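Remarks on the overall topology
Here's the letter readout for the chains.
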Amino acid sequence: MTEVKQWMSWEMGVDLVALTSPDLQMPNIIVHLGRMVNTPVGNAASGMIFWQPDATAPPVVMGFVSTNAIVGAYFGPNIFAGTPFEHAPVFQAEIEINYDGTNAFSKCVVGGFTFEVEMQDLSDPYLINREPAAMPPFYQQGVEMSCGRTIFKVNGTEIKMIIPPIGITGGPASVVSPNGVYAR
């Protein structure tokens, strides 16, 4: 019997993966946040931010974000082991997520930046059950709603972006997830 040793679950997740140019080979925008993330070491609003406005320069912000540093430090070695995020830094952040039944909004303040994501025209909820892959290397189960329109702002300025059909989790690149779990 296989034992699940590393896991996290969440309530009200907002996930965006996008590119600011069609010439980019990899996304330069990742906003992956949960209003409440549960782990074996505690619970807190948490997630991941990757913002690289200049593809020829290092990312401006890249790492795990959380309102609790212990919870934030859990993700890299336990959930994202074996990926480029395994050794990502952890940043203390302010995280706010709202959902009114038709739209979702997230705000993450970290490292002098304010990242906002507005998601509109959500699909009906559907169940997901994804097997591990190279990225992501964990099982995924939960409920998702894909987004028809997504707005991304950094420090109040809207950023023009291209949202690919598939994000880093293997599903839509702009999605609201009322609940779910990652497990290894």
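Provided above is the structure to which this section pertains.
Brief notes about the pairing of strand β8 (residues 113–122)
Note: strand β7 (residues 104–110) against β8, seven bridges, orientation antiparallel. By the bridge assignment for β8, K107 is matched with E116. Hairpin connection, β7 to β8: the antiparallel pair is bridged by two residues, and G111 has positive phi, about 55°. With seven bridges joining them, β8 and strand β10 (residues 139–154) adopt antiparallel strand pairing. Paired with M119 across the bridge in β10 is T150.

So, helix α1 (residues 69–78)
Taken as a whole, α1 has its buried residues at V71, G72, Y74, F75 and G76. Those residues of α1 that are buried are in contact with β1 (7–18), β2 (29–39), β3 (42–51), β4 (61–66) and β5 (90–92).

Considering the layout of surface pockets
The computed volume of the largest pocket comes to approximately 230 Å³. If you trace the largest pocket, you find it lined by M26, P27, I30, F50, Q52, P84, F85, M135 and I168. For the lining of the largest pocket, the residue count by class is eight nonpolar, one polar and no charged.

A closer look at empty space enclosed by the protein
For the structure on display, the rule yields three cavities of 30 Å³ or more. Size it by volume and the largest cavity reaches roughly 150 Å³. In terms of lining, the largest cavity is formed by 15 residues, of which the most central are M8, H32, V37, S46 and G47. Put simply, the parts of the chain that give the lining of the largest cavity at least two residues each are β1, β2 and β3. In terms of residue class, the lining of the largest cavity is built from nine nonpolar, five polar and one charged. If you add up the space inside the second largest cavity, you get close to 70 Å³. It is β10 that provides the largest number of residues to the lining of the second largest cavity, a total of four residues. The residue makeup of the lining of the second largest cavity, split by class, is four nonpolar, six polar and two charged.

The rules behind these values
- Residues numbered from 1 in each chain as written.
- Predicted model: local features only at pLDDT ≥ 70, side-chain atom pairs only at ≥ 80, totals over all residues.
- Heavy atoms only, no water.
- Pairing = 2+ DSSP bridges.
- Helix = DSSP H or I, 4+ residues; strand = E, 2+ residues; numbered from the N terminus.
- Buried < 20%, exposed > 50% of the residue type's maximum accessible area, 1.4 Å probe, protein only.
- Contact = heavy atoms within 4.5 Å.
- 1 Å grid on protein atoms, 1.4 Å probe; cavity = no way out; pocket = protein on both sides within 12 Å on 5 of 7 lines; lining within 4 Å.
- Points joined across faces, edges and corners; volume = space filled by probe spheres on them.
- Nonpolar A, V, L, I, M, F, W, Y, C, P; charged D, E, K, R; others polar.

Honestly, it's all geometry; don't read function into it.
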